[in-house]
Amino acid sequence: MDKITVENINHPGKSERVNAEKYNAMRSALLAVLAENSEPLESKTIGHAVRPLLPDDLFPGGATSGWWIKTVQLDLEAKGILARTATKPLRFFLTRRDSDA
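Residues numbered from 1 in each chain as written. Predicted model: local features only at pLDDT ≥ 70, side-chain atom pairs only at ≥ 80, totals over all residues. Heavy atoms only, no water.

## Description of the sheet that holds strand β5 (residues 91–94)
Taken in spatial order, the 3 strands line up as β3-β5-β4 in an open sheet, and their pairing is antiparallel. At either margin of the open sheet sits one strand with a lone partner, and together these are β3 (41–42) and β4 (82–84). Across 2 bridges, β3 lies against β5 in antiparallel orientation. Of the residues in β5, the one forming a bridge with L41 is F92. (Pairing = 2+ DSSP bridges. Helix = DSSP H or I, 4+ residues; strand = E, 2+ residues; numbered from the N terminus.)

## Quick notes on the side chain of S65
In this structure, S65 sits in helix α3 (residues 65–78). The class of S65 is buried, set by a relative accessible area of 1%. For S65, the side chain forms a polar contact with the side chain of R51, separated by 3.0 Å. Setting aside residues up to four positions removed in sequence, S65 forms contacts with M26, R51, L54 and F59. (Buried < 20%, exposed > 50% of the residue type's maximum accessible area, 1.4 Å probe, protein only. Polar contact = N/O pair within 3.5 Å; in protein donor to acceptor, adjacent residues only side chain to side chain. Contact = heavy atoms within 4.5 Å.)

## Comments concerning the side chain of N19
Mapping N19 onto the fold places it in strand β2 (residues 15–19). Overall, N19 belongs to the buried group, its relative accessible area being 15%. Here E21 takes part through its backbone nitrogen, which lies 2.9 Å from a polar atom of the side chain of N19. Within the structure, N19 has its side chain in polar contact with the backbone nitrogen of K22 (distance 2.8 Å).

## What about the environment of Q73?
Secondary-structure assignment places Q73 in helix α3. On a C-alpha basis, the gap between Q73 and N8 in space is 8.7 Å, while along the polypeptide they are 65 residues apart. When near neighbours in sequence (up to four residues on either side) are disregarded, Q73 contacts L30, L82, R84 and F92.

## As for helix α1 (residues 20–36)
Every α-helix carries 3.6 residues per turn, so stepping three or four residues along brings you back to the same face. For α1, with 17 residues, the first-to-last C-alpha span of 24 Å sits near the 24 Å given by 1.5 Å per residue. Taken together, the buried positions of α1 are occupied by A20, Y23, A25, M26, R27, A29, L30, L31, V33 and L34. Where α1 begins, the capping side chain belongs to N19, and its oxygen is found 2.9 Å from the backbone nitrogen of E21. (Expected span 1.5 Å × (residues − 1).)

Here it is, written out as C-alpha cells:
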C-alpha cells in the first residue's frame, strides 16, 4: 500500500503518512464538490455531497469517509488550497483551483 504525507493546519510542523489511494480519492471528491459551489459549504453538506463520488471498493457504503474528509480538509488547509470561514458553523471553500495546486 502506497502512503502519502499529510499535514494538519492545527498542528504546524506535524505530518502523518496515510493511505495514498484513499487520500487521493477523497481529495478528488472534496475538490470537485467545492469547485461546483461558489459559496462556502458546511462540513455536513460536504459529507453528503462527496459520498456518491467515492469508489465503493475504498469506502464501502461511505465507511470511514468522515475521517478521510477531515484528514484531507486539514491537509488542504495547511497547503493553502482550502480555507474556513471565521464564523460558526464553520464553512469551507477553495482558495485556489486544483489545477493551481
